[in-house]
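Reading the structure
Spelled out, the chains give:
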Amino acid sequence: MTAYWDARAPHFDGVASHVRLQEVWREVLAAAFAVDTPCDVVDLGTGTGACAIIAAALGHRVRAFDGSTAMLAVARAAAERAGHQVTFVQSRIADAPIAPASADIVTLRNVLWTLERPAEALEVARRALRLGGRVVVSDGLWSHAPDDRSDYTPDVAARLPLHAGLSEADARRLLHDTGFDGISSWQHLFRSEPYPGGVPAFVLSAQPRDAASHDAGGRAIGWDNRIDTDPHPSEDGAPWRQDTA
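Only a predicted model underlies this, so the values are computations on that prediction, with no experimental measurement involved.

Here the chain averages 81 in pLDDT, and 75% of its residues register 70 or above. Considering only residues more than four positions removed or in separate chains, one finds that residues 211–245, a stretch of pLDDT under 50, has 76 contacts.

Rendered as structure tokens:
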């Protein structure tokens, strides 16, 4: 899988949503982060650095991890061009050297569908978060636009439980099952669909539910259950709500 992304890296940003709609993504992520002071952000599966560079542009301290050296080379060059400081680290998500309770925000954008064990990535995020921190997850139901998506060879795709992508409802269940509550959606802030082919996409934030949150010394601290702010996503997973403002 790493070889696939290494090969795609030189051309990946050419038509990417985060390049075409950079300012819009910045607005959406700023709202999802829901903070007004600089924070410690960890970006898992950073790829070419989309979330990491936006987080740095928002004034946060950012560490970004990816298994592909070629993707990280593109990300480092993009951060340098933009004049932003990001610490990029070559590592698989499961092996990422992240201390417990060392992040205020963890981001995973278009990552879960690429993984053999997507829940494991959310567990890494949960352990990394401080008390009161949040995970921000964005992905989509990529099977709706098969001609416009990244894709693996059939033998690799067969090992990926979310290869077709995932709906907002799927993501909410996965977040809940891995210890997150207080789930909020942010994709209504897009002024148009961010991806070609009408892909139903989502941006969700959530907070750890229980003792997986830690204090600054790494000691486990409980987290009260939060009310789901959008408990009824559409049945087909299409989350688009026209912004009439």
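Core analysis: the largest hydrophobic core is formed by 66 residues, its most contacted members being Leu 44, Val 106, Leu 108, Leu 112, Val 135 and Leu 175. Beyond its immediate chain neighbours, meaning those up to four positions away, Leu 108 contacts Asp 43, Leu 44, Ala 121, Leu 122, Ala 125, Val 135, Val 136, Val 137 and Ser 138.

Let's shift gears to the packing of aromatic side chains. The tally for this structure, following the rule as stated, stands at three aromatic pairs. Considering the side-chain rings of Trp 25 and Phe 190, the 4.9 Å spacing of their centres and the 75 degrees angle between planes classify their relative orientation as edge-to-face. Taken as a pair, Trp 25 in helix α3 (residues 22–33) and Phe 190 in the loop between β6 (180–185) and β7 (201–208) lie far apart in primary sequence, 165 residues in all. Given the relative accessible area of 1%, Trp 25 is considered buried. Its relative accessible area of 5% is what places Phe 190 among the buried residues. Residues Trp 142 and Tyr 195 carry aromatic rings whose centres are separated by 4.9 Å and whose planes lie at 80 degrees to one another, so their mutual orientation is edge-to-face. On the criterion of sequence distance, the pair formed by Trp 142 in the loop between β5 (129–140) and α7 (154–157) and Tyr 195 in the loop between β6 and β7 is long-range, its members being 53 residues apart. When sorted by exposure, Trp 142 lands in the same class as Tyr 195, which is buried. The ring of Trp 25 has Arg 109 sitting right over it, with the charged end atom 4.3 Å from the ring centre.

Quick look at the pairing of strand β4 (residues 103–109) now. With respect to burial, β4 is a largely interior element, six of its seven residues being buried. Two elements, strand β1 (residues 40–44) and β4, share three bridges in a ladder whose sense is parallel. Opposite Val 41, over in β4, you have Ile 105 as the bridge partner. Here β4 pairs with β5 via six bridges, running parallel. Following the sheet pairing, Ile 105 is matched in β5 by Arg 134. Crossover β4 to β5 through helix α6 (residues 118–128) is right-handed.

What counts and what doesn't
Throughout this description, residue numbers start from 1 for each chain and increase along the sequence as written. Predicted model: local features are reported for residues with pLDDT of at least 70 only, side-chain atom pairs are reported and counted for 80 or more only, and whole-chain, interface and lining totals are derived from all residues. Side-chain numbers here rest on the full set of heavy atoms in the structure, without hydrogens or water. The pLDDT value expresses, per residue, how confident the predictor is, ranging between 0 and 100. We call two residues contacting when some pair of their heavy atoms lies within 4.5 Å. In plain words, nonpolar cores are sets of buried Ala, Val, Leu, Ile, Met, Phe, Trp, Tyr and Cys residues tied together by side-chain atoms within 4.5 Å. A simple rule labels every residue: compare its accessible area, found with a 1.4 Å probe on the protein chains alone, to the largest value its type can have, and call it buried under 20%, exposed over 50%, or partly exposed in between. Pairing of aromatic side chains requires ring centres within 6.5 Å, counting the rings of Phe and Tyr and the six-membered ring of Trp. Pairs whose planes differ by under 30 degrees are stacked, by over 60 edge-to-face, and all others tilted. Elements are defined by DSSP. Helices are runs of H or I of four residues or more, strands are runs of E of two residues or more, and each kind is numbered from the N terminus. Criterion for a charge above a ring: Arg CZ or Lys NZ at most 6 Å from the ring centre, at most 35 degrees from the ring normal. Two strands qualify as a pair provided DSSP detects at least 2 bridges between them. Here is how to tell: hold the view so the strands point away, follow the path from the first strand over the helix to the second, and if it runs clockwise the crossover is right-handed.

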